[in-house]
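Next come the chains, spelled out residue by residue.
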Amino acid sequence: MAEFVGRMEMAFISTADADGECDSTLRAGPAGFIRVIDSRTVAYPEYRGNGVMASLGNIMENPHVGMLMVDFTEDLIGLHVNGRARIVPREELPTEDRKVERWVVVDVKEAYIHCRKHIPRMIPVDRVRDWGTDDVKRKGGDYFGVKADKTAD
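Engineer: Hey, could you go over the pairing of strand E5 (residues 64-71) for me, with residue numbers and the actual values?
Structural biologist: Every regular strand shows the same layout, with side chains that alternate between the two sheet faces. With respect to burial, E5 is a largely interior element, six of its eight residues being buried. With four bridges joining them, strand E1 (residues 10-16) and E5 adopt antiparallel strand pairing. Looking at E5, one finds that Ile13 is bridged to Met67. Bridge count between E5 and strand E6 (residues 77-89): eight bridges; the pairing is antiparallel.

What follows is the structure, given as C-alpha cells:
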C-alpha cells in the first residue's frame, strides 16, 4: 500500500463538518505528494487553492476524513483510507516545495482495496501544471459563470 500511495498523483478527499454536512474534493500533485510517514500515518500538502477552505474548515470541526486513490492507468485498482486528520504547520514536515502552505496528517484507522471491476482505463497526457498559482485564468477562472452571474444581479 505504501508503494501504491507513493506513486499516486491525485486523491479524492471527503470531509464533513460538525453537523455531518459533507464535502468532497480533489487533491493532486506530482507522484509522491502524499507522504507515507509510517504504516498508520499519511500526510498530504495543502497548496494555495480557491480560498474556500471547505476541507480544512471541516477538519477543524470534525477530524474524520476519507481518502480515495485510484490508479486509472496501470493496475486499475483503488485504495480507500479512512482516519482522523489534523492540520499541521508546513515546518512540521520539511519540504523544499515552497508552495506547500500546511500539511494534513491522517492517522489511518482503516485502509482497504477498491476493486477494479468498474475502474476505467485512462491515458495520461503531458501538460503544463501551474501548481500553486494565483493567476485566475490559469486556475480556471470563473468557469461556471457564477461570479459573472452575481455581478449581473
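That shown, we press on.
Engineer: With reference to specific residues and values, describe the environment of Arg90.
Structural biologist: Here Arg90 lies in the loop between E6 and strand E7 (100-114). Judged by its relative accessible area of 22%, Arg90 is partly exposed. Within the structure, Arg90 has its side chain in polar contact with the backbone oxygen of Val100 (distance 2.8 Å).

Engineer: Please give an account of the pattern of salt bridges that cites residues and values.
Structural biologist: As enumerated under the stated definition, the model contains eight salt bridges in all. The network of salt bridges with common partners includes Glu3, Arg7, Asp71, Glu74 and Asp75.

Engineer: Describe the sheet that holds strand E2 (residues 22-28), with residues and values.
Structural biologist: Ordered in space as E2-E1-E5-E6-E7-E4-E3, the seven strands form an open sheet in which the pairing is antiparallel. Either end of the sheet is taken by a strand with one partner, and the two such strands are E2 and strand E3 (35-38). Pairwise comparison of adjacent strand axes, ignoring direction, gives a mean angle of 35° for this sheet. As paired strands, E6 and E7 are joined by twelve bridges and run antiparallel to one another. Pairing of Asn82 across the sheet is with Glu110, part of E7.

Engineer: Give a detailed account of the nonpolar core, specifying residues and quantitative values.
Structural biologist: Residues Ile34, Tyr44, Met67, Met69, Val104 and Val106 are the most contacted members of the largest nonpolar core, which totals 28 residues. Elements that contribute at least two residues to this core include exactly helix H1 (2-6), E1, strand E4 (41-47), helix H2 (54-61), E5, E6 and E7. With six residues, the top contributor of residues to this core is E7. Excluding its chain neighbours within four sequence positions, the residues that come into contact with Met69 are Phe4, Val5, Met8, Met10, Ala11, Ile34, Ile77, Gly78, Leu79 and Val81.

Conventions used here
Residues numbered from 1 in each chain as written. Predicted model: local features only at pLDDT ≥ 70, side-chain atom pairs only at ≥ 80, totals over all residues. Heavy atoms only, no water. Buried < 20%, exposed > 50% of the residue type's maximum accessible area, 1.4 Å probe, protein only. Helix = DSSP H or I, 4+ residues; strand = E, 2+ residues; numbered from the N terminus. Pairing = 2+ DSSP bridges. Polar contact = N/O pair within 3.5 Å; in protein donor to acceptor, adjacent residues only side chain to side chain. Salt bridge = Lys/Arg side-chain N within 4 Å of Asp/Glu carboxyl O. Axes fitted to C-alpha atoms, helices over the stretch in contact; angles between N-to-C directions. Core = buried A, V, L, I, M, F, W, Y, C linked by side-chain atoms within 4.5 Å. Contact = heavy atoms within 4.5 Å.

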